[in-house]
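# Summary of the model geometry
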Amino acid sequence: MTDQTLDSPLLADGSPLDDRQKAVVERVSAKERAGILALPTDDPLDPERRRRVDATRGEMLGQQGAIRATWERNADALPGIAARIAGRRLDRVFLVGAGDSLAVMIAARRTLELMLRVPCEPVQALEFAYYQQHLVTSDSLVVALSSSGETTRTVEALLVAQHAGALTLALTNTPGSTLDVESGDTLLLAATRVGWPTQSSTTALSLLLLLAVEVGRLRGVDGAEALRAELETLPETVETVLEDLDDQVAEIARIEAERTMYLFSAGGPTWAAAIIGAAKVKETSPDHAVEIQVEEFHHYNSQKPGEPMFLFAPSGPSVPRGVDTGRDAHRYGGTLYVATTVGETAFDGIADDILRLPVVSEALSPLLYVLPAQLIGYHLGMAKFAVAEREASRG
Ligand SMILES: O=P(O)(O)OC[C@H]1O[C@](O)(CO)[C@@H](O)[C@@H]1O
C-alpha cells in the first residue's frame with residue numbers, strides 16, 4: 001500500500017467540493033505522496049539528506065535578503081489586502097498550515113491578535129478541513145500558508161473555507177501552485193527552498209507580521225506604529241543574530257552530536273521556535289527530536305539522563321516557568337541550553353550555555369528565535385555527518 005495515494009473524506013458523498021475541486025485534491029494528493037516517498041532514508045550518511053543540509057547553510061544565512069525581497073514583492077498587494085481585512089467585521093481568524101507552516105502561524109498569532117483584536121487560531125490543516133467547517137462563518141478570515149502551495153490538506157482547508165463564505169488569503173512561495181491558483185488573494189514569498197526549509201518560514205512570518213501591523217495601523221490600534229517601526233529593523237537583526245550565534249551553536253552541536261534524542265521547549269509566541277527546532281533536527285539527522293511546551297514539561301518525567309534540552313525564553317511571562325524547567329533538566333540528569341534576551345539574568349547559573357539575542361518585543365520575537373532553532377538543526381546535522389564519516393573510515 002505504500003505507493004498508494006490516500007483517500008480524503010472530502011472526496012466522498014456529501015463533500016462541499018465540486019467535481020473540479022475533487023480532481024484538484026486527487027492531483028495534489030498523488031504528487032504529495034510521491035514527495036513523501038522520496039524523503040531521505042535514516043542512513044547516517046544518506047547523500048540526499050547531506051545535499052539538503054549543505055544547501056541549507058546559504059539559505060539560512062541569506063534570510064535578511066529574502067525577507068526584504070518578500071516585503072518588496074508584496075509592496076503593491078499587501079496594502080489593499082490589509083485594507084480589506086481592516087474594513088471587515090471579523091468574528092475570528094483561522095491560521096491554517098502544516099509542519100513548519102503551522103509553526104509560522106503559531107509564531108504570528110500574538111501579533112495578529114494584538115492588531116486584529118479577535119481570536120486568531122493556528123490550526124493544523126487536516127483539523128481545520130475535516131473538523132472545523134461548522135465554526136467558519138462569512139465573518140471569518142482564513143489564512144492558509146503553504147510554501148509549496150501543493151500540500152493537500154492545506155489546499156483542502158482553503159477550499160472548505162471558500163465554501164463556508166469566509167474571507168480567504170493564501171501565502172505561498174510558489175506562483176502558479178494549486179494554492180495560488182485556487183485562492184482569490186495571494187501573497188507571494190521570495191524564499192529559496194532547496195535545502196531544509198528556513199527562508200520559507202521567516203519570509204512568511206515577516207509577511208504575516210507586516211500584514212498584522214498594517215491592519216493595526218489602519219484601525220488605529222495602540223502600539224501598531226511602534227511595532228511597525230520595530231519590525232522594519234528586524235531583517236538586519238536577523239543577519240546579526242545568525243552571525244553572532246553561528247560558532248557558539250556549532251560548538252554545542254559538536255558536544256551533543258552523538259545523542260539520539262533532542263528536546264525543545266518554549267511558551268508563548270516563541271513556542272514556534274521549539275517546534276521548528278525539533279523539525280530541523282528530524283530533517284537534518286536520522287535521530288529523534290520532540291518539542292514540549294514549557295508548562296507541560298513539568299507534568300511528566302520529560303527528560304532522560306544525558307538528553308539535551310534547548311529552551312527558547314525571551315524576557316517575558318514564560319521566563320519563570322522556563323527557569324523551573326532548567327532546574328528540572330538538571331534534576332533529570334540532562335543538559336540545558338537556553339536562548340534568551342541579552343541582559344536576562346534568570347538563567348545564569350542554571351543553563352549549561354546561554355545563547356543571547358537582542359532585546360525585541362515578545363510578539364515579534366519568533367522572527368529572531370527561530371534562527372537559533374535553525375542553527376541547531378543545521379549544525380547538529382553536520383556534526384552527525386562528521387561522526388558517521390569518522391565511524392565509516394574506521395570500518
Ligand atoms: O509549507 P508547505 O509546502 O505546505 O509544506 C509543509 C510541509 O513542509 C514541512 O514543514 C517540511 O518538509 C513539513 O513538516 C510540512 O508538512
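Each chain has its residues counted from 1, following the order in which its sequence is written. Reporting of local features is limited, given that this is a predicted model, to residues whose pLDDT is at least 70; pairs of side-chain atoms are given and counted only at 80 or more, and all residues count toward the totals for whole chains, interfaces and linings. To obtain the side-chain values, all non-hydrogen atoms of the structure were used and water was disregarded.

## A closer look at the packing of helix α11 (residues 271-284) against helix α13 (residues 366-394)
Each axis is a line fitted through C-alpha atoms, taken for helices only over the stretch in contact, and angles between the N-to-C directions span 0 to 180 degrees. Only runs of H or I of at least four residues qualify as helices and only runs of E of at least two qualify as strands under DSSP, and these elements are numbered from the N terminus. Orientation of α11 relative to α13, taken along the N-to-C sense of each, is 20°, at an axis distance of 8 Å. For the element pair α11 / α13, the angle class is roughly parallel. Relative to α13, α11 is oriented so that their crossing is right-handed. Every residue of α13 that contacts α11 at Ala273, Ile276, Gly277, Lys280, Val281 and Thr284 is listed here: Tyr369, Val370, Ala373, Gln374, Gly377, Tyr378, Leu380, Gly381 and Phe385. Its residues assigned to classes, the contact of α11 with α13 shows nine nonpolar, five polar and one charged. For classification purposes, angles smaller than 35 degrees are called roughly parallel, those larger than 145 roughly antiparallel, those between 65 and 115 roughly perpendicular, and all remaining angles oblique. A crossing counts as left-handed when the near helix is turned anticlockwise from the far one by less than a right angle, and as right-handed when that turn is clockwise. Here, two residues are considered to be in contact whenever any of their heavy atoms come within 4.5 Å of each other. Under the scheme applied, nonpolar residues are Ala, Val, Leu, Ile, Met, Phe, Trp, Tyr, Cys and Pro; charged residues are Asp, Glu, Lys and Arg; polar residues are all the others, including Gly.

## Regarding the packing of aromatic side chains
Two rings belonging to Phe, Tyr or Trp (six-membered ring only in the last case) form a pair when the distance between their centres is within 6.5 Å. Interplanar angles under 30 degrees mark stacking, angles over 60 mark edge-to-face geometry, and anything in between is tilted. Applying the stated criterion across every chain yields a total of five aromatic pairs. Judged by centre distance (5.2 Å) and plane angle (25°), the ring pair of Phe264 and Phe310 falls under stacked. Separated by 46 residues along the polypeptide, Phe264 in strand β6 (residues 261-266) and Phe310 in strand β8 (residues 308-313) bring together distant segments of the chain. Summarising the burial analysis for this pair, Phe264 and Phe310 share the class buried. Measuring from centroid to centroid gives 5.9 Å for Phe297 and Tyr332, while their planes differ by 70°, and the two rings are edge-to-face. Burial classes follow relative accessibility: with a 1.4 Å probe on protein chains only, a residue under 20% of its type's maximum area counts as buried, one over 50% as exposed, and anything between as partly exposed.

## A word on empty space enclosed by the protein
Note on definitions: the grid is 1 Å and covers protein atoms alone; a cavity is a set of points where a 1.4 Å probe fits but cannot get out; a pocket is an open set with protein on both sides within 12 Å along at least five of seven lines; lining residues have an atom within 4 Å of a point. Grid points are joined across faces, edges and corners, and a volume is the space filled by probe spheres set on the points. Under the definition given, this model contains two cavities of 30 Å³ or more. As a volume, the largest cavity reaches approximately 60 Å³. Lining the largest cavity we find Ile85, Val93, Leu95, Leu112, Leu116, Leu141, Val143, Leu208, Leu211 and Val215. Looking at the lining of the largest cavity, the elements with two or more residues in it are β1 (92-97), α5 (100-116), β3 (140-146) and α9 (199-218). It is α9 that contributes the most residues to the lining of the largest cavity, three residues altogether. Taken together, the residues of the lining of the largest cavity sort by class into 10 nonpolar, no polar and no charged. Space inside the second largest cavity adds up to approximately 30 Å³. In terms of lining residues, the second largest cavity is bounded by Ile81, Arg84, Ile85, Leu141, Leu167, Thr168, Leu169 and Asp185.

## Details of the UniProt feature "domain: SIS" (unreviewed entry) in the chain
Within the UniProt annotation, "domain: SIS" (unreviewed entry) is assigned to residues 81-221 and 251-391. Note that residues 81-221 is 48% helix and 19% strand, and that its end C-alpha atoms are spaced 17 Å apart. Within the segment residues 251-391, helix and strand shares are 42% and 21% respectively, and the terminal C-alpha atoms sit 20 Å apart. UniProt positions are given in the numbering used here, feature names are shortened, and annotations may be inferred rather than shown by experiment.

## Here's the deal with the domain arrangement of the chain
Here the domain parsing of the chain yields domain 1 (19-34 + 41-222) and domain 2 (235-393). Put simply, the middle of domain 1 and the middle of domain 2, counted by C-alpha atoms, are 25 Å apart. In this complex, domain 1 contributes 32 residues to the contact, which on the side of domain 2 involves 32 residues. Buried surface area refers to the total accessible area, computed with a probe of radius 1.4 Å, that the two partners give up upon joining, counted for both partners together. When domain 1 packs against domain 2, the two sides together hide about 3,000 Å² of surface, and 69% of this comes from carbon and sulfur. For every domain, the bounds stem from an assignment made automatically or drawn from a database.

## Comments concerning the confidence of the model for the chain
Close reading of the predicted structure is inappropriate where its pLDDT is low. Residue-level confidence of the predictor is what pLDDT reports, using numbers from 0 through 100. In the predicted model, the chain carries a mean pLDDT of 96, and 98% of its residues have values of at least 70. The complex prediction reports pTM at 0.97, with the ipTM value standing at 0.97.

## Quick notes on the pattern of salt bridges
What counts as a salt bridge is simple: a side-chain nitrogen of Lys or Arg found within 4 Å of a carboxyl oxygen of Asp or Glu. If you walk through the whole model with that rule in mind, you get 27 salt bridges. We note a salt bridge from Asp328 to Arg331, for which the minimum N-O separation is 3.0 Å. Here Asp328 and its partner Arg331 are both found in helix α12 (residues 319-331), three residues apart, which amounts to about one turn of the helix. Owing to a relative accessible area of 59%, Arg331 belongs among the exposed residues under this scheme. Bridged by salt links that share partners, the residues Arg68, Glu214, Arg217, Glu225, Arg228, Glu232 and Glu236 form one connected network.

## A closer look at the environment of Lys280
Considering the arrangement of structural elements, one finds Lys280 in helix α11. On the basis of relative accessible area, Lys280 is assigned to the buried category, the value being 3%. Between the C-alpha atom of Lys280 and that of Ile376, which follows or precedes it by 96 residues, the distance is 7.9 Å. Setting aside its immediate chain neighbours within four residues, Lys280 contacts Asp100, Trp196, Pro197, Ala373, Gln374 and Gly377.

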